[in-house]
Amino acid sequence: AQRAAADAASGSSAEGEAHAAALAEAEATRARLQAALDAASEVAVQLPAAKSEAAAAAERAGALRGELDAARADVTAAREQLAASERKLADERSRADSLEADAGRQGAAAAA
């Protein structure tokens, strides 16, 4: 009878240890879940501000794109003006060369 009581006591002890281990594991899991919930809550609090910042950044990016497009148009216009000026300069040089050649021929004719 004593041995049966001792076996029952040791069985209860093992069951108690298993129960305590399961309880400790459950508590650790609860603590991890609470930490995850706290982190998610923190993100949820910060999300509206992050969305607002993202919208402001998108607006700034759109404005910068507009400025870039305007600058590109200015560069294109400046290139076109430069090309026109270069053509005009080439025409003026050609006329000057023709006038010099005519003057040279007239001078040669007058000398002859």
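A.B. asks: Got a sec to walk through the overall build of the protein? Specific residues and values, please.
C.D. replies: Of the regular secondary structure elements, the protein holds 1 helix and 0 strands. Relative to the 2.2 N^0.38 estimate, which gives 13 Å for 112 residues, the radius of gyration of the protein is 46 Å and therefore markedly larger than a compact globule would have. Over its C-alpha atoms, taken along the principal directions, the protein stretches across nearly 155 × 30 × 10 Å. Counting only residues that meet the buried cut, the protein has 0% of its 112 residues in that class. As displayed, the protein has an accessible area near 9400 Å², and 59% of this comes from carbon and sulfur atoms. Across the protein, 13 positive and 19 negative side-chain charges occur, with their mean positions spaced 7 Å apart.

A.B. asks: If you had to explain the pattern of salt bridges to someone new, which residues and values would you point to?
C.D. replies: Inspection of every chain in the model, using the stated rule, returns 4 salt bridges. A salt bridge links Glu27 to Arg30, with the nearest nitrogen and oxygen atoms 3.0 Å apart. Of the two residues, Glu27 and Arg30 are both situated in helix H1 (residues 2-111); the distance of 3 residues between them amounts to about one turn of the helix. Among the residues examined, Glu27 registers a relative accessible area of 42% and is labelled partly exposed. For Arg30, a relative accessible area of 44% puts it in the partly exposed group. As a salt-bridge pair, Asp102 and Arg105 come within 2.2 Å of each other at their nearest N and O atoms.

Rules used in this analysis
Residues numbered from 1 in each chain as written. Predicted model: local features only at pLDDT ≥ 70, side-chain atom pairs only at ≥ 80, totals over all residues. Heavy atoms only, no water. Helix = DSSP H or I, 4+ residues; strand = E, 2+ residues; numbered from the N terminus. Rg over C-alpha atoms; globule rule 2.2 N^0.38 Å. Buried < 20%, exposed > 50% of the residue type's maximum accessible area, 1.4 Å probe, protein only. Areas by Shrake-Rupley, 256 points an atom, 1.4 Å probe, with all protein chains shown as cover. Lys, Arg positive; Asp, Glu negative; His and termini not counted. Charge placed at Lys NZ, Arg CZ, Asp CG, Glu CD. Salt bridge = Lys/Arg side-chain N within 4 Å of Asp/Glu carboxyl O.

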